[in-house]
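Overview (structure and organization)
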Amino acid sequence: MIPLRLTREVLLAFALLVLLALVATRFPGFVAPSNLAAVFNDTSALIILALGQFIVILTRCIDLSVAANLALTGMVCALLNTVAPDLPIVVTLALALALGATLGAVNGFFVWKLDIPPIVVTLGTMVIFRGIIFLISDGQWVNAHEMSARFTAFPRYEMLGIPMLSWCAVLVIALVYLMVTRTSLGRSFFAVGGNPHAAVYTGIDVGRTQFLAFVISGTLAGLAGYLWVARYAVAYVDIAGGFELDVVAACVIGGAAISGGAGSVVGIVLGALFLGVIKNALPVVDISPFWQLAISGSAIIIAVALNARSGRAKGRIILRKAEHAHEPV
Amino acid sequence: MKLSKLLITAATAIGLTASAAAADEMRIALVVKALGIGFFEAAAKGAEEAASELGDVKIIYTGPTETTAEGQIEVINALIAQNVDAIAVSANDTDALVPTLKKAMQRGITVISWDSGVAPEGRSVHLNPSSNPLIGNMIIKLAADNMPDGGDVAVLSATTTSTNQNIWIDEMKKVMPDYPGINLVTTVYGDDLADKSYREATGLLQTYPDLKAIIAPTSVGIVAAAQAVADAGKIGQVNVTGLGLPSEMAGAVESGASESFAIWNPIDLGYSAAMIAYHLAKGDAEATAGAEIPMGRMGALTLDDNLEGAMADPFVYDKSNIEEFKSIF
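Here the structure is a predicted model, which means the values were calculated and not measured.

Another aspect to go through is the overall build of chain B. Broken down by element type, chain B carries 11 helices and 14 strands. Relative to its length of 329 residues, chain B is compact, with a C-alpha radius of gyration of 22 Å against a globular reference of 20 Å. Along the three orthogonal principal directions, the C-alpha set of chain B runs to about 75 × 35 × 35 Å. In chain B, buried positions account for 52% of the 329 residues. In chain B, 71% of the contacts between residues at least 6 apart in sequence involve partners at least 24 apart.

If you want it as C-alpha cells, here you go:
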C-alpha cells in the first residue's frame, strides 16, 4: 500500500517537473523562484478547495457546489464590507468560515438525513447558491472602489516575502494532512469510502461522517470565497463559474479515487499544482488559445489514465477467513 | 366621457402624470427594459434634456419592474390606450414586442427602438449607441493617445467565439495603419472569467516586458487586467483601456491602472432617442434608407438599409468624469 502510493506521487511530481522543464524551454522566466511562488499563490484557492473536495470524495460523495459556495460566501463578505468597511479581517474570516460551513452542512444534511445522492444534492445547491447571490446582490457587481483597502489587502499582505493567500493554502495543507493521517475522524473518512459496510461494523456512523466531510469542504470553500473576492477585488454572480470542475479534476489528477477511500493529501496538492502550472504556463508559452483547452483536457485524461493503471492492482483479500463470514452459519 | 377616459388612463398607465392640458404637447414615451436601473435613469435624464430643449414635448419615462417582454407589452398597451405620439423602446426581446408595436404604429404612433433593438417590422428606426467601426477605432485610439512614442499593445478579449469582441477587434485591426508606431503583439482570451482574465493579463506582462497598453473590449476583462497590472506594480508603465462600466472601473481609474476607457453615454443615448422620436412624430424627418434624422447636439443619425443608425463614438471616461458617472451605471 505505502510503496504504491509513493510511486503515484513520485510519478506525479516527476510529471510536474517535466511540465516545468517543457515550459522553461519556451519561456525560461517561468521557472524563476519568484514566478514559481506566484504560480503557487495563484493556485492557492484551487489547493484549498481541492483538499475539501478530496475529503468529500474519500467518503464516496462529491461536492459540486464548492464554487457556488465560494461565490456566495465571497459576495456576502463583499456586501458586508460595503456596509461595515472597518470590520476587522479576523471577523470577516470567521464569518466566511462559518457561512461556508453552514452551506456545507446543508449539503451534508440532505445526504445524511434524507439519503439523497450527493451529486443530485450538490447540483441543486450549486444552482440555489448562485440564485441566492443574485437575490442578495440584485445582480449588481461589488467593485474595487466599494471595498475597503484593508479588505483587499489581506491576501496580498506579505509575511516572510510570501503573500497571505499562499500562507492560507500552506496552513490548510498542514491541517488537512494532520487530520487525515493523525485523527480518528481522518481515518473514518477512508473507512467510510473504502468499505461503508465494514465501517458500520467498526462503529462508524457513515452518514454522520459524510456530513462532516461536507462541512469541512464547505468551510474551506468559505475561506476561499473571501480570499478570492479580496484578491480579484470584484464580486458578482458568476465568479469562479465552472471552477468546481477544476477542483474535481485536481483531485482526480492527484490520485483520489472517485469510488472513494483512496488518495493522499500530497497527491491532491500535486494534482492542483499540476493544473495550476498548466493554467499559468499556457498564457506565456504563446500557444494558440484554440489549442489551450484541448491541452488542458488532454493533460487531465493522461493523468487519470496513469492513475487508473496504477490503481488496477486492487482487489486484494485482506482477511481470507472473513471471505464467507456473511453467510448464515 | 372625459372622466371615464381619465380613469382608464390612471388605471393602466405606469408612471404617468399626464394632465388635461397636455393636448397640444407632444408626448414621447421612453420605454426601458426595467425601472430602477441606473443606466436607464440616466437615459431618462437625457430625454428630459431633449424635451426642455424642444419646448413642447413631454417625456413619459416608463417600463416594467422586471426585465421581461411581457411586462413591456403591458406597458406599451397602456401607452397605446393613452394615445401617446411616440414610443421609444429599449426592448427585452427582439421579436416578442413586434405585434404590440405594430398595433401602435397602426394607430399612428411613431415607434423607434434604441439601445436594444426590435425586429425591423416592429419599429420605424433603430438607434444603436455606436457602431462596430467606431468602437474598433475608439479602443485603439484610447491606447494610442497615452503612447506618444508608440510601442506594443496587446488585446485581452472574452472568449475566442464572442461575436461582438471579434468584430470589434477586426475593426480595430483595420484602422491600425492610422496609428503608426503602435504595434499589436497578440490577442489573448480571458473567457470573461475574472480569474482567467487576470492570469492572461499577468502572462502578457511577463511575456512582453515592454508592453505599454492592454486593450480589453470586455467589462470582466478590463477590470481583471487593471487588477493584474496593479498587483504587478506596473501602474504607470502599462495602461489598461477598452470597454467597461464606470461603476466597475472607478477603482482602476483612481489607482491609475487605467487612464481612460469607453462605453456609451446613457444620457446622450436617451437624448438622441427623444430627439429622433420627436422629429419622426412631427413629420419633419422620414424613416427611409439613407435619410438623416437630426439629433440636436449629437448631430444627425444616418440610416442604413435596415433603418438602423449609430449615434456616436463611444464616450470616454477618465479621472475628470468618473466620479459623476460611477453612481449612474
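Picking up after the structure, the text goes on.
What follows deals with the nonpolar core. Membership of the largest hydrophobic core comes to 214 residues, with the highest contact counts inside it found for B:Ile28, B:Leu30, B:Ile87, B:Ala88 and B:Ala274. Counting residues per element, this core draws most heavily on helix H10 (residues 206–232) of chain A, at 16 residues. When residues of this core are sorted by domain, at least three fall in each of domain 1 (2–129 + 266–312) and domain 2 (132–263) of chain B. With near-sequence residues (within four places) excluded, B:Ala88 lies in contact with B:Ile28, B:Ala29, B:Leu30, B:Val31, B:Ile112, B:Trp114, B:Ala273, B:Ala274 and B:Ala277.

Our focus in this paragraph is helix H8 (residues 219–231) of chain B. Residues and elements named next belong to chain B. Taking 1.5 Å per residue as the helical rise, H8 with its 13 residues ought to reach 18 Å, and the 19 Å between its terminal C-alpha atoms agrees with that figure. A large share of H8 lies buried, amounting to 13 of its 13 residues. After H8 finishes, the residue Gly233 shows a positive phi value of roughly 70 degrees.

By definition, the strands of a sheet pair up through backbone hydrogen bonds, in either a parallel or an antiparallel sense. Residue and element names in this part refer to chain B. Taken together, 6 strands build an open sheet; the order of strands is S2-S1-S3-S4-S5-S13 and the sheet is parallel. Strands at the two margins of the open sheet, each flanked by one partner only, are strand S2 (57–62) and strand S13 (308–310). Here the strands of the sheet are splayed against their neighbours by 20 degrees on average, with no regard to which way each runs. Here strand S5 (residues 125–128) pairs with S13 via 3 bridges, running parallel. The residue of S13 that forms the bridge with His126 is Glu308. Strands in contact with helix H2 (residues 38–54) are strand S1 (26–31) and S2; relative to S2, the strand with the most contacts, it is inclined by about 170 degrees. In the packing of helix H3 (residues 69–82) onto the sheet, the strands contacted are S1, S2 and strand S3 (86–89), and the crossing angle to S1 comes to about 175 degrees.

This paragraph deals with the UniProt feature "transmembrane region" (unreviewed entry) in chain A. Sequence positions flagged by UniProt for "transmembrane region" (unreviewed entry) are, in local numbering, residues 47–80, 87–110, 116–136, 157–180, 211–233, 245–278 and 290–308 of chain A. Here residues 211–233 of chain A is 96% helix and 0% strand, with 32 Å between the C-alpha atoms at its ends.

Moving on: the sheet that holds strand S9 (residues 239–242) of chain B. All names here are of chain B. Pairing within the open sheet is parallel, and its 4 strands lie in the order S7-S6-S8-S9. Bordering the open sheet on either side are strand S7 (182–189) and S9, each of which pairs with just one other strand. Adjacent strand axes in the sheet meet at a mean angle of 25 degrees, parallel and antiparallel pairs treated alike. Sheet analysis places strand S8 (residues 211–216) next to S9, joined by 4 bridges and oriented parallel.

The feature "domain: Periplasmic binding protein" (unreviewed entry), as given by UniProt, occupies residues 28–284 of chain B in the numbering adopted here. When the span residues 28–284 of chain B is considered, its composition is 47% helix and 20% strand, and the gap between its end C-alpha atoms is 16 Å.

Another point: the packing of helix H7 (residues 194–207) of chain B against H8(B). Residues and elements named next belong to chain B. Look at H7 against H8: their axes get within 8 Å of each other, and the N-to-C directions meet at 50 degrees. Taken together, the axis directions place H7 and H8 in an arrangement best described as oblique. Regarding H7 and H8, the two cross each other, and that crossing is right-handed. From H7, Ala194, Ser197, Tyr198, Ala201, Thr202 and Leu205 reach across to H8, where they touch Val220, Gly221, Ala224, Ala225, Gln227, Ala228 and Val229. For the contact of H7 with H8, the residue count by class is 9 nonpolar, 4 polar and no charged.

Residue and element names in this part refer to chain A. Note on placement: Val66 falls in helix H3 (residues 66–83). Here Val66 falls in the buried class, since 35 other C-beta atoms lie within 10 Å of it. Once the C-alpha coordinates of Val66 and Thr125 are considered, the two residues, 59 residues apart in sequence, prove to be 9.6 Å apart. The residues touching Val66, leaving out its near neighbours within four places in the chain, are Leu49, Gly52, Gln53, Ser217, Ala221, Glu244 and Val247.

Note: predicted coordinates in regions of low pLDDT should not be interpreted at a detailed level. Residues and elements named next belong to chain B. Of the residues in chain B, 93% have a pLDDT of 70 or more, and the chain-wide mean is 86. For chain B, helix H1 (residues 2–12) is the element with the lowest average pLDDT, namely 46, and S8 is the one with the highest, namely 94. Residue range residues 4–22 is modelled with pLDDT below 50. Its contacts to residues more than four positions away, or to other chains, number 20 contacts. Model confidence for the complex is summarised by a pTM of 0.76, with the ipTM given as 0.72.

Taken together, the contacts link 21 residues of chain B with 20 residues of chain A. Elements represented by at least two residues in the side of chain B that touches chain A include exactly S7, H7, H8 and helix H9 (246–255) of chain B. Its residues assigned to classes, the side of chain B that touches chain A comprises 9 nonpolar, 7 polar and 5 charged.

Here we take up the pairing of S8(B). Residues and elements named next belong to chain B. Taking burial as the measure, the 6 residues of S8 include 6 buried ones, the bulk of the element. Summarising the sheet, strand S6 (residues 151–157) and S8 pair through 4 bridges and their orientation is parallel. Each residue of the ladder has a partner; that of Asp152, found in S8, is Leu211. Taken together, S8, H8 and S9 form a β-α-β motif whose crossover is right-handed.

Another point: the domain arrangement of chain B. Each assigned domain of chain B is listed here: domain 1 (2–129 + 266–312) and domain 2 (132–263). Inter-centroid distance (C-alpha atoms) of domain 1 of chain B to domain 2 of chain B is 35 Å.

To continue, consider the pairing of S3(B). All names here are of chain B. Here S3 shows no split at all, with Ala86 and Ala88 on one side and Ile87 and Val89 on the other all buried. The sheet contact formed by S1 and S3 spans 4 bridges and is parallel. Residue pairing in the sheet places Val31 in a bridge with Val89 of S3. Following the backbone out of S3, through helix H4 (residues 98–106) and into the adjacent parallel strand S4 (residues 110–114), one traces a crossover that is right-handed.

This part is about unusual backbone geometry. You will see that A:Ala233, though not glycine, has its phi angle at about 50 degrees, which is positive. Mapped onto the elements of the fold, A:Ala233 is located in the loop between H10 and helix H11 (243–253). Despite not being glycine, B:Asp191 has its phi angle at roughly 55 degrees, a positive value. Within the secondary structure, B:Asp191 is located in the loop between S7 and H7. With 23 C-beta atoms packed within 10 Å, B:Asp191 lands in the buried category.

The next subject is the packing of H3(A) against helix H5 (residues 118–137) of chain A. Residue and element names in this part refer to chain A. Where H3 meets H5, the axes come as close as 8 Å, and the angle between the chain directions of the two elements is 20 degrees. Our classification of the angle between H3 and H5 gives roughly parallel. Crossing handedness for the pair H3 and H5: left-handed. Taking contact as the criterion, the partners of Ala68, Asn69, Ala71, Leu72, Met75 and Leu79 in H3 are, on H5, Met126, Phe129, Arg130, Ile132, Ile133, Ile136 and Ser137. Looking at the contact of H3 with H5 residue by residue, the class counts come to 10 nonpolar, 2 polar and 1 charged.

Thresholds, definitions, all that
Sequence order sets the numbering: in each chain, residues are counted from 1 along the sequence as written. Key to labels: chains lettered from A, ligands numbered from 1, both in the order written. Two thresholds apply to this predicted model, a pLDDT of at least 70 for residue-level local features and 80 or more for giving and counting side-chain atom pairs, whereas whole-chain, interface and lining totals are computed over all residues. Segments assigned H or I by DSSP are reported as helices when at least four residues long, segments assigned E as strands when at least two residues long, and all are numbered from the N terminus. In this description the radius of gyration comes from C-alpha coordinates, and the expected globular size is given by 2.2 Å times residues to the power 0.38. Exposure is read from a count of other C-beta atoms within 10 Å of each residue's own; the residue is exposed at 12 or fewer, buried at 20 or more and partly exposed in between. C-beta atoms are placed from the backbone. Contact between two residues is assigned whenever their backbone-derived C-beta positions fall within 7 Å. By definition, a nonpolar core groups buried Ala, Val, Leu, Ile, Met, Phe, Trp, Tyr and Cys residues that connect through C-beta atoms lying within 7 Å of each other. Note that the domain bounds reflect an automated or database-derived domain assignment. Here a helix's expected span is defined as the number of its residues, less one, multiplied by 1.5 Å. We treat two strands as partners when DSSP finds at least two bridges between them. Geometry is summarised by axes, namely lines fitted to C-alpha atoms with helices restricted to the contacting stretch, and by angles between N-to-C directions that run from 0 to 180 degrees. UniProt positions are given in the numbering used here, feature names are shortened, and annotations may be inferred rather than shown by experiment. In what follows, roughly perpendicular refers to angles from 65 to 115 degrees, roughly parallel to angles under 35, roughly antiparallel to angles over 145, and oblique to any angle outside these ranges. Crossing handedness: left-handed means the near helix sits turned counterclockwise from the far one by under a right angle, and right-handed means the same turn made clockwise. Lys, Arg, Asp and Glu make up the charged group, whereas Ala, Val, Leu, Ile, Met, Phe, Trp, Tyr, Cys and Pro make up the nonpolar group; the residues left over, Gly among them, are polar. As a per-residue quantity, pLDDT reports the predictor's confidence and falls between 0 and 100. Orient the strands so they point away from the viewer, and a crossover whose first-strand-to-second-strand path over the helix runs clockwise is right-handed.

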